[in-house]
Amino acid sequence: MSSLYDFRTWEPLLRLLRAAHAQTLAVPGGQVAGSIGRGSYSVPVKWRYPQPGRAMLVSDNRAEHEAIERVRDTLAGAGVSDIEFTAEIPPNGAAVLRLFDHGPAAVSGIGRAVGALTLVEGAVPEPWRRLPEPSDRARPAPSADAALLERALRERLPDAIGATEEEIAAAEQRLGLPLPEEVRALYRVTRAGWEDWLADPEAGRRLVATLGFEPVAPEHLDVAHLSHRWSFQWEHAATEAALTGPDDAVQDLVGSAGWIVIGVTGGGDQVAVDLTPGPRGHLGQVIVLDHEQSVGASLWAESLTDLVLGPERSWYTGYRGNKRPVTAIVHDRSIGSIEGAAHPALEVLQIGAWTGAPLSLAPVVGLPRLRTLCAYPGTLADPLEIAALTGLEFLELAPEDWRALLDAGAVPRGLSAAAIRTFGRNGTRPVMALADEILALFGRPLITETVVNGDLGPLS
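Predicted model, so just to flag it, every value in this text is computed and none were measured. (Residues numbered from 1 in each chain as written. Predicted model: local features only at pLDDT ≥ 70, side-chain atom pairs only at ≥ 80, totals over all residues. Heavy atoms only, no water.)

## Focus: the pattern of salt bridges
- In this structure the tally under the stated criterion is 25 salt bridges.
- Note that Asp6 and Arg8 form a salt bridge whose closest N and O atoms lie 2.7 Å from each other.
- A salt bridge links Arg48 to Glu64; its shortest N-O distance comes to 3.2 Å. Taken together, the residues Arg48 in the loop between strand E2 (41-42) and helix H3 (62-78) and Glu64 in helix H3 connect sequence positions 16 residues apart. (Salt bridge = Lys/Arg side-chain N within 4 Å of Asp/Glu carboxyl O. Helix = DSSP H or I, 4+ residues; strand = E, 2+ residues; numbered from the N terminus.)

## Here's the deal with helix H13 (residues 399-408)
- For H13, the full list of buried residues reads Asp401, Trp402, Leu405 and Leu406. Down the axis of H13, the sector holding all buried residues measures 135 degrees, keeping them to one side.
- Lining the buried residues of H13 we find strand E15 (394-397), strand E16 (417-420) and helix H14 (428-441).
- Looking one or two residues beyond H13, the residue adopting positive phi is Gly409, at roughly 65 degrees. (Buried < 20%, exposed > 50% of the residue type's maximum accessible area, 1.4 Å probe, protein only. Arc of directions from axis to C-beta. Contact = heavy atoms within 4.5 Å.)

## Here's the deal with the nonpolar core
- Counting residues in hydrophobic clusters, the biggest one holds 44 residues, and the most contacted among them are Leu349, Leu361, Val364, Ile386, Leu395 and Trp402.
- When residues in this core are grouped by element, the largest group, six residues, is from H14.
- In contact with Leu395, other than residues within four places in its own chain, are Leu373, Ile386, Trp402, Leu405, Pro412, Leu415, Ala417, Ala418 and Ala419.
- Listed in part, the 32 residues of the second largest apolar core include Leu177, Tyr187, Ile262 and Ala301. (Core = buried A, V, L, I, M, F, W, Y, C linked by side-chain atoms within 4.5 Å.)

## Regarding the sheet that holds strand E13 (residues 348-351)
- If you trace the six strands from one edge of the open sheet to the other, you get E5-E16-E15-E14-E13-E12, paired in mixed fashion. Edge positions in the sheet fall to strand E5 (117-118) and strand E12 (327-330), since each of these pairs with one other strand and no more.
- Both E15 and E16 contribute to a ladder of four bridges, which runs parallel. From the neighbouring strand, Leu395 faces E16, where its bridge partner is Ala418.
- With respect to the sheet, H13 is in contact with E15 and E16, its orientation differing from that of E15 by roughly 120 degrees. (Pairing = 2+ DSSP bridges. Axes fitted to C-alpha atoms, helices over the stretch in contact; angles between N-to-C directions.)

Take a look at the structure:
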């Protein structure tokens, strides 16, 4: 068995957890819970913070870091991306560690025991299935002028080293499409190579100042596939909607084979030229994929020439989350009723914090496009009304509402994914058991539990 399931791997972390949560663990049945993954972790250890005026150092919490890294180092060897755990450590030190491997059909939750359950293999949310609408009428902007752009760049970057025609052609062959003339002009002036910037850092700074972004070299050009977005969590993406209006310059998409990523901003956002513009956009316009948004992109300039020669501008347009009536959130400080959210175009209904009487779903029964329902605990008057929402592909409910559906045999069988709405990691084991019950209903691989016993010795 992998060392991931060896008590000695976890012993240093368990000792830290016992020290931090002695009172909680001393109560019969008391436990602590957390998760550790290859890229992140959520562990309730007690961190020590420095005095004001001094930055935190690794040495301030070396024991905590080393205990967590000891576990993380074993994940790859076990073929596990992340592991959820609970630990019971009574005063006599007889520890019971429960490890939960999410398996291929579940993922670790953000701030909870388990994230979305994929009930149909390979299924992705509706916004991720949207393809760009072709537009035969799309044309470059009047400002697009590859020759003018090349002259301006050579004047501002006289010492830049350009890419060869062979290097540009190789990039086009790898991408499978021709580059816009403005992009070709850019790379004829600069190959945007790190080796050049390391040799002359000031030249790199001039290049970024001239363009307004940090370009990538031709050999690193790529298109903005779905995987380029910052996150793909079913429970988040299912609440999004991709909407392109008749006056939009940029199509509201998760990704497009026509978004050629040519650089990045200083904040980690991707800069692309757009070959699949919206109805009011231009072929080759410059857009930015905000790393904090999972759908859509912001128009930065109508052409690369316009970006370089035009006045300084900001690409950021702010949060674009309100997409009513396609998406609606019912809660105390927003829409005050299900009736107020009901609309033939409604795709996503979320019910949040609600202090009024539980709500009936009757007003949204029969809506043709409703695909996502998320409801906070205690907000539904009758969870069995969900059985009438036959078009749902994603459902997120509190454990008690899932229990009602499961006991009544009323879980919608057309679901592609599901989630259990919990807060924190209290009750991890019952939530995992409930998740397994939902997965089993759809014939999906289960979350596995491994119990590891060990002795830490009594508290001194």
